[in-house]
Amino acid sequence: MRIILFGPPGSGKGTQAKLLSDRYGVLHISTGDLLREAVANRTELGQKAKEYLDGGDLVPDSIMVGLIREVLGSDRARNGFILDGFPRTVAQANDLDRLFEEMGIRLDRVISLRVEHDEIIRRLTYRLTCKQCRSVFSEAQLPSGDDTRCPSCGGTLYHRKDDTPETARHRLEVYLKDTKPLKDFYRQTDRFTQIDGMKKIDEVQRLIEDIVGVPPSAS
Ligand code: AMP
């Protein structure tokens, strides 16, 4: 399985990528997670990326392409991958095509999750992320209290710095300006499918499985 999950912030890419990665045993590549990890570890990459992440702006293409080249070239990506959050610009998509060609990789599908704008802002604003397993939850789903733990792993939940209403709105604008044009880029290929990301998590999961096929062990 070699797929790209595409969509605005808060469309459920991360949640669905995690489910798919567990079920199909392929690598989940979240460029946002990789960047946040680099920031937390204060690496050179993290120092370069921090201000972009905090402000909800895109990290420059040159930095991103270097990062993705390294991950796709690693052994962990050999059995397949789900790209979540990359590419985010037409330049990144062109570079990715070149990388695929160079590495002899064939992309299976680009699955786009469509979610209404109001819902995006609502989801991002109420989103809590687990520091440990990186699952995300809506505050409304969880019991109230300051020390609510992650229902999946018991880890600490936190509000991402870029999940404030202002930064969420800015991220949506960035998506509309720089990332949405990619839909046309991939629509021109025969590998693009759009699905309704407004549906419940398990329904979206089923729609994706209809496209990629159920894993051999589950059929
Ligand atoms: P995400 O976790 O996917 O919402 O990404 C969080 C932040 O990481 C984004 O707002 C950007 O600052 C940065 N980022 C993640 N992926 C990319 C990318 N492909 N290109 C540029 N910036 C990115």
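Coordinates for the structure precede this section.
What comes next concerns the included structure. Every value quoted in this text rests on a predicted model; they were computed, and no experiment measured them.

F81, L83 and Y186 are the most contacted members of the largest nonpolar core, which totals 37 residues. If you tally residues by element for this core, the top one is helix α4 (residues 61–72), at seven residues. Residues within four places of F81 in sequence aside, it is in contact with M1, R2, I3, V26, L27, I29, L72, F100 and I105.

The next subject is the side chain of E119. Looking at where E119 falls in the secondary structure, it is placed in helix α6 (residues 117–125). Engagement of the side chain of E119 in a polar contact is seen with the side chain of R122, the distance being 3.1 Å.

On to the sheet that holds strand β3 (residues 81–84), then. Whenever strands of a sheet pair, they do so through backbone hydrogen bonds, lying parallel or antiparallel. Strand order in this open sheet of five strands is β2-β3-β1-β4-β8, and the pairing throughout is parallel. Two strands lie at the open edges of the sheet, namely β2 (27–30) and β8 (192–196), each paired on one side alone. Across the sheet, the mean angle from the axis of one strand to that of its neighbour is 20°, orientation sign disregarded. Bridge analysis of β2 against β3 gives four bridges, and the strand direction is parallel.

Here we come to α6. Looking only at α6, the buried set comprises E119, I120, I121 and L124. Those residues of α6 that are buried lie in contact with β5 (127–130) and α7 (165–179).

Right, let's talk about the packing of aromatic side chains for a bit. Summed over the entire model, instances satisfying the criterion amount to three aromatic pairs. Plain terms: the ring middles of F6 and Y175 are 6.2 Å apart, the flat faces sit at 45° to each other, and that makes the pair tilted. Linking F6 in strand β1 (residues 2–6) with Y175 in helix α7, this pair joins segments that are 169 residues apart in sequence. Judged on exposure class, the residue F6 and its partner Y175 are both buried. With a centroid separation of 5.0 Å and 80° between ring planes, the pair formed by F185 and Y186 is classed as edge-to-face. Exposure class is identical for F185 and Y186. Each is buried. Here K131 stacks its cationic end above the ring of Y158, 5.7 Å away from the centre of that ring.

Conventions used here
- Residues numbered from 1 in each chain as written.
- Predicted model: local features only at pLDDT ≥ 70, side-chain atom pairs only at ≥ 80, totals over all residues.
- Heavy atoms only, no water.
- Core = buried A, V, L, I, M, F, W, Y, C linked by side-chain atoms within 4.5 Å.
- Buried < 20%, exposed > 50% of the residue type's maximum accessible area, 1.4 Å probe, protein only.
- Helix = DSSP H or I, 4+ residues; strand = E, 2+ residues; numbered from the N terminus.
- Contact = heavy atoms within 4.5 Å.
- Polar contact = N/O pair within 3.5 Å; in protein donor to acceptor, adjacent residues only side chain to side chain.
- Pairing = 2+ DSSP bridges.
- Axes fitted to C-alpha atoms, helices over the stretch in contact; angles between N-to-C directions.
- Phe/Tyr/Trp six-rings, centres within 6.5 Å; stacked < 30°, edge-to-face > 60°.
- Lys NZ or Arg CZ within 6 Å of the ring centre and 35° of its normal.

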